[in-house]
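Analysis of the macromolecular model
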Amino acid sequence: MAPEQKKRLMKLCIKGGILLLLGFAYYLFIRITGWGIPCMVYSLTGTYCSGCGITRMCMALVKLDFAAAVHYNALVTLFLPFLGVFGLRRMVIYVRTGNSGPDRLESVLLTIAAILVVAFWILRNLPAFSWLAPI
């Protein structure tokens with residue numbers, strides 16, 4: 001591995017470590033206090049955004065309760081394996097080449113994901129799809 005690749009890998013490891021520490025600290029905070037970050041969209045509009053339920057979804061995943069995780073936020077729970085593969089692929093490309101931007105395929109996939117996020121946001125607020133609400 002070339003020195004610049006090692007440097008990029010170390011940079012990713014440090015950022016990943018910081019992210020894990022922050023996530024663990026937030027997890028502990030919630031477990032101790034029972035308080036989470038409220039959704040501003042829900043607070044202001046009374047409608048569920050695409051991200052509503054993510055904290056409870058993560059708490060359920062820590063307990064390996066996949067059914068509850070899907071109930072709290074089906075879209076993100078089902079996206080997680082794809083996000084993992086996407087992120088790992090992006091990290092490998094970054095370490096090897098230094099390129100941090102998405103390629104053509106990734107841009108198309110990100111556009112599709114954005115469309116799905118908006119569709120999920122709309123659907124989970126319709127009465128016929130109330131089972132998608134994180135309650």
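Our structure is the block above this text.
Here goes a summary of the coordinates provided. Position labels on residues start from 1 in each chain and follow its written sequence. Totals for whole chains, interfaces and linings use every residue, but because this is a predicted model, local features are given only for residues with pLDDT of at least 70 and side-chain atom pairs only at 80 or more, for both listing and counting. Hydrogen atoms and water are omitted, and side-chain values are computed over all heavy atoms in the structure.

Some details on the pattern of salt bridges
A pairing counts as a salt bridge when a side-chain nitrogen of Lys or Arg comes within 4 Å of a carboxyl oxygen of Asp or Glu. This structure, assessed with the given rule, holds three salt bridges. Linking Arg90 and Glu106 is a salt bridge whose minimum nitrogen-to-oxygen distance equals 2.8 Å. Of the two residues, Arg90 is situated in helix α5 (residues 74-97) and Glu106 in helix α6 (residues 104-123); the sequence distance between them amounts to 16 residues. The buried category is assigned to Arg90, whose relative accessible area is 13%. Each of Arg89, Arg90, Asp103 and Glu106 takes part in salt bridges that share partners, so that together they form one network. For the purposes of this entry, the term helix denotes a DSSP run of H or I that reaches at least four residues, the term strand denotes a run of E that reaches at least two, and both are numbered from the N terminus. Remark: exposure states derive from per-residue accessible area (1.4 Å probe, protein chains only) relative to the maximum for the residue type, with buried under 20%, exposed over 50%, and partly exposed in between.

Observations concerning the state of the cysteines
A pair of sulfur atoms, both from cysteines and within 2.5 Å, is called a disulfide here. Applying the stated criterion across every chain yields a total of zero disulfides. Of all cysteine sulfurs in the structure, the one in Cys52 sits closest to Cys39, which takes part in no disulfide; the separation is 3.3 Å.

Focus on the nonpolar core
Throughout, nonpolar core names a set of buried Ala, Val, Leu, Ile, Met, Phe, Trp, Tyr and Cys residues whose side chains join them through atoms within 4.5 Å. In terms of nonpolar packing, the biggest core is built from six residues, these being Met57, Ala60, Leu61, Ala68, Ala69 and Val76. Of all the secondary-structure elements, those providing two or more residues to this core are α3 (54-62) and α4 (66-72). Here, residues are in contact when the closest pair of their heavy atoms is within 4.5 Å. Sequence-distant contacts of Met57, defined by excluding residues within four places in its chain, comprise Ala69, Tyr72, Asn73, Val76, Thr77 and Leu80.

A closer look at α5
The span expected for a helix works out to 1.5 Å for each residue beyond the first. For α5, with 24 residues, the first-to-last C-alpha span of 35 Å sits near the 34 Å given by 1.5 Å per residue. Within α5, the axis deviates most sharply at Leu80, by approximately 45 degrees, and proline Pro81 lies no more than four positions further along. When α5 is considered as a whole, its buried residues turn out to be Ala74, Leu75, Val76, Thr77, Arg90, Tyr94 and Val95. Phi turns positive, to about 85 degrees, at Gly98, one or two residues after α5. Throughout, bend refers to the angle between the axes fitted to the seven residues that end at a position and the seven residues that start at it.

As for a nonpolar patch on the surface
A cluster of nonpolar side chains, contributed by Leu105, Val108, Leu109, Ile112 and Leu116, occupies part of the molecular surface with about 430 Å² of accessible area. You can see Leu105 is positioned in helix α6. Look at Leu105 and you get exposed, because its relative accessible area is 51%. Here a patch means residues that are over 30% exposed by relative accessible area and free of salt bridges, tied together within 9 Å if like-charged and within 5 Å if nonpolar (Val, Leu, Ile, Met, Phe, Trp, Tyr). Residue exposure ignores everything except the shown protein chains as possible cover, and the areas themselves are Shrake-Rupley values with a 1.4 Å probe.

As for the environment of Thr111
One can find Thr111 in helix α6. With a relative accessible area of 47%, Thr111 lands in the partly exposed category.

Thoughts on the packing of aromatic side chains
Side-chain rings of Phe, Tyr and Trp, where Trp is taken by its six-membered ring, are said to pair if the distance between their centres is within 6.5 Å; with planes under 30 degrees apart they count as stacked, over 60 as edge-to-face, and otherwise as tilted. In the structure shown here, the tally under the stated rule is four aromatic pairs. Judged by centre distance (5.0 Å) and plane angle (15 degrees), the ring pair of Tyr42 and Tyr48 falls under stacked. Seen from their ring centres, Phe129 and Trp131 are 6.3 Å apart, and the 45 degrees between their planes marks the pair as tilted.

Considering the packing of α3 against α5
It is at 9 Å that the axes of α3 and α5 come closest, and there the two elements cross at 55 degrees. Classified by the angle their axes make, α3 and α5 are oblique. Here α3 and α5 pass one another in a crossing that is right-handed. Counting all contacts with α3, which are made through Ile54, Met57 and Leu61, the residues of α5 involved are Val76, Thr77 and Leu80. Fitted lines through C-alpha atoms serve as axes, helices being fitted only where they are in contact, and the angles separating the N-to-C directions of these axes extend from 0 to 180 degrees. Should an angle lie under 35 degrees it is considered roughly parallel, over 145 roughly antiparallel, and from 65 to 115 roughly perpendicular; all remaining angles are considered oblique. Should the near helix be turned counterclockwise from the far one by less than a right angle, the crossing is left-handed, whereas a clockwise turn marks it as right-handed.

By themselves these figures say nothing about function.
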